Amino acid sequence: MLLRLPSKLKPPKPKTLISLLLTSHTSSPYHTFSLSLLQTHKHFNHFTQILSHAFTSGFFANPYISSQLLSHCLSNPDFTLTFSHTIFSQIPNPNVHSCNFLLRAYSHSSFPEQAISLYNQMMRKSMILDNFTFPFVLKACGRLNNFHKGVEVHCVSLKMGFGFDVFVQNALVYMYFQCGVVEFAQKVFDFMPDSGRDVVTWNSMISGYLQCGFCHQAVKTFGKMLHESGVRLNDVSIVSALTACARTGLLDLGKKIHGLIVVYGLVIDVFLGSSLIDMYTKCGQLEDARKVFDRLLDKNAVCWTSMIAGYLQSDMFKEAIELFREMQMAGVNAEPATIACVASACGHSGALDLGRWVHNYCEKSGIEMNLVVKNSLIDMYSKCGLVDKALEVFHLLTNKDVYSWSMMISGLAMNARSDEALQLFSLMEGSSGVRPNGVTFLGILSACSHGGCVGEGFYYFEKMTGQYKLPPGVEHYGCLVDLLGRANLLVEAMEFIGSMPIQPDAVIWRSLLFACSRHGNVELAEVAAKKISELEPEKCGAHVLLSNAYASASRWKDVRMVRRNMGAEGIQKQPGCSFSEIDGSVHEFLVADSVHCQIGVICDTLQAMNVVLKSRLFELDFLDY
């Protein structure tokens, strides 16, 4: 609220301003105006004039004047923290308020260690600290992950009588969670009396558990807050609880929390709406997520991105792309996270033209091309077959992370450029300083599989487990089975499966069955098909591949038997699906599809093409005579 100067009064000069700060009574119009004037002096020159007069007149020695000037300087973004520290260093005997102003600034800045340094100076001077001092110092300890200093500050706060101060205790909870010491945070919380816990205390506990990966404990704490605390929930409480439900897949609880929002009469704004969308999508309820999304009146980029990401996570790539188009028509500017999701959807659906447009849109719209966006572009170009374009984006990266290397290696592998993938991995090991992870080796093993490099595949597998101490997952074993199967080493593949330290899943047996079908080994195909049927009794994949294996061996009677068994067991073959991109729009077609909006035109065109093809074949047959 702006304070207006009485019409008969004129703004005082710097000298008068300082004098009035010292001598005026608090009810004086000049006193009120002078405080307001100090806050509105945003121009550097104006402020330095007042500051200079304070120094030359000796008024700066007054603790009230100096703290007011320091506070103004710290609250103005035009002044650097270094400049503020210089002002602070000129205060002859800074009081605790001046120190707290600077502590707060340092604890939120890129130099939190300076807050601890200032706190140490205050302790050496035996200053009397208040309940504002400790939260700022503890925040700095948390940001620096300095557990030992945090414990020391905790002890000092108890010694000075702040054991039951809610501000200090909340800061302690935050600090211990930031340092990853969950049990200490819980002890601080348990030590607080029920009446001393406010909504910030409970929210700090819930978000702290989430941050440390204890999602179920976060849910339990939310339940206690709801039923035992008597503290009214706010948006932060509900968003944290929804996040915990999303990570743990607790759909029923998430729906109950959605009901609480209605009961409490909270407006589902973009903050709550995005959290609800995220919860429903991660729990696989896309329809409910879309209902929440459609009911939001003022959607921001976060809401659109949450819904697009939900479609992407559920492999509904066409819907993700269509929603992005709606976002563009609504005039909402995309964010880097949006672009990353859309580029990934384009890669999975093969929408190369749209992917290129998204890339150009980023460059023309000035959207930050951060590492996540560029990694998604590498993945998109690789999956769309433009591996050279993916390499171009990759080589322009100046801060490649492990995902950049892994995506590029996998992209080369899937485009049958296995030698380049292995060379890129050698470059990663030799010069990047980035340590490979399981995804990296998945790409390497895939490259060996596509290139038929059996020896190299097992060499890199040993390197992964021996040199890098990375535990192999079932997908890594699956790559080796695929590698042996492609090389027609089917017996060796079967023996390898039997020696695996983990239980093979249906994907591994399917890889073996596919290889048996391709190479005509019916006996092993029957074994693999039986294993798949035990793991996935309702799916058709094993029956279809076994039928193909019988067909490759000309055992047509067995082929008919497999088909009959599928019908008797009520197993239906899933229809084939293909995507076609025309003018930037992705069209999806199923076998015997009749629901496309242009199905009549498509059928007429196919019939016309068939007539032309038959006539050309007749001409060729005639020319042979």
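About the cut-offs
- Residue positions are counted from 1 within each chain, in the order its sequence is given.
- Local features in this predicted model are restricted to residues whose pLDDT is 70 or higher, and side-chain atom pairs enter the listing and the counts only when it is 80 or higher, whereas totals over whole chains, interfaces and linings include all residues.
- The basis for every side-chain value is the complete set of heavy atoms in the structure, and neither hydrogens nor water enter the calculation.
- Going along the chain from the N terminus, every DSSP run of H or I of four or more residues is numbered as a helix, and every run of E of two or more is numbered as a strand.
- The rule is simple: take the accessible area with a 1.4 Å probe, protein chains only, and divide by the maximum for that residue type; under 20% is buried, over 50% is exposed, in between is partly exposed.
- When checking whether two residues touch, look at their non-hydrogen atoms; a contact exists if any pair is within 4.5 Å.
- All accessible-area figures derive from a Shrake-Rupley calculation using a 1.4 Å probe, and residue coverage is judged against the displayed protein chains alone.
- Patch criteria: residues need more than 30% relative accessible area and no salt bridge. Like-charged residues are merged within 9 Å; nonpolar side chains of Val, Leu, Ile, Met, Phe, Trp and Tyr are merged within 5 Å.
- Salt bridge, as used here, is a side-chain nitrogen of Lys or Arg placed within 4 Å of a carboxyl oxygen of Asp or Glu.
- A residue's pLDDT is simply how confident the predictor is in it, with values from 0 to 100.
- When two rings of Phe, Tyr or Trp (its six-membered ring) have centres within 6.5 Å they constitute a pair, described as stacked for plane angles under 30 degrees, edge-to-face for angles over 60, and tilted for the intermediate range.
- Lysine and arginine charges are scored as sitting over a ring when NZ or CZ, respectively, is within 6 Å of the ring centre and within 35 degrees of the ring normal.
- By this rule, a helix spans an expected 1.5 Å times one less than how many residues it contains.

Caption draft 1: Structural detail: the overall build of the protein. On a plain count of helices and strands, the protein comes out with 34 helices and 2 strands. Across the 625 residues in the protein, those meeting the buried criterion constitute 46%. Within the protein, contacts between residues separated by at least 24 positions form 60% of all contacts whose residues are at least 6 apart in sequence. With the model as given, the accessible surface of the protein reaches about 32400 Å², and the carbon-plus-sulfur share is 56%.

Caption draft 2: Quick look at a nonpolar patch on the surface. Among the surface-exposed residues, Leu158, Phe164 and Phe191 lie close enough to one another that they form a single nonpolar patch of about 340 Å² accessible area. The exposure class of Phe191 is partly exposed, given its relative accessible area of 47%.

Caption draft 3: Inspection of the confidence of the model for the protein at higher detail. Per-residue pLDDT for the protein averages 83, and the proportion of residues at 70 or more is 84%. Counting contacts from residues 1-12, a segment whose pLDDT is below 50, to residues more than four positions away or on other chains yields 14 contacts. Low pLDDT, under 50, characterises residues 20-42; the predicted model gives this stretch 46 contacts beyond four residues in sequence or across chains.

Caption draft 4: A look at the packing of aromatic side chains. What the rule picks out here adds up to 20 aromatic pairs. Both rings, one in Phe134 and one in Phe162, keep their centres 5.5 Å apart while their planes meet at 55°; by these two values the pair is tilted. Placement of Phe134 in helix 8 (residues 133-143) and of Phe162 in the loop between helix 9 (147-159) and helix 10 (166-178) is noted, with a sequence separation of 28 residues between them. When the centroid spacing of 5.4 Å and the interplanar angle of 20° are considered together, the rings of Phe164 and Phe191 count as stacked. Pair noted here: Phe164 is in the loop between helix 9 and helix 10 and Phe191 is in helix 11 (residues 182-191), with a separation of 27 residues, a long-range link. Three or more aromatic residues joined by ring pairs make a cluster, and in this case those are Phe425, Phe441, Tyr459, Tyr460 and Tyr468. Just above the ring of Phe293 sits the side chain of Lys299; from NZ or CZ to the centre is 5.0 Å. Here Lys400 stacks its cationic end above the ring of Phe394, 5.1 Å away from the centre of that ring.

Caption draft 5: Examining helix 24 (residues 402-414) more closely. Here helix 24 contains 13 residues, and its C-alpha end-to-end distance of 18 Å stays within 8% of the 18 Å for a straight helix at 1.5 Å per residue. Of all the positions in helix 24, only Val402, Ser404, Trp405, Ser406, Met408, Ile409, Gly411, Leu412 and Ala413 are classed as buried. Here the buried face of helix 24 lies against helix 22 (371-383), helix 23 (387-396), helix 25 (418-432) and helix 26 (438-451). Phi turns positive one or two residues past the end of helix 24, at Ala416, with a value near 60°.

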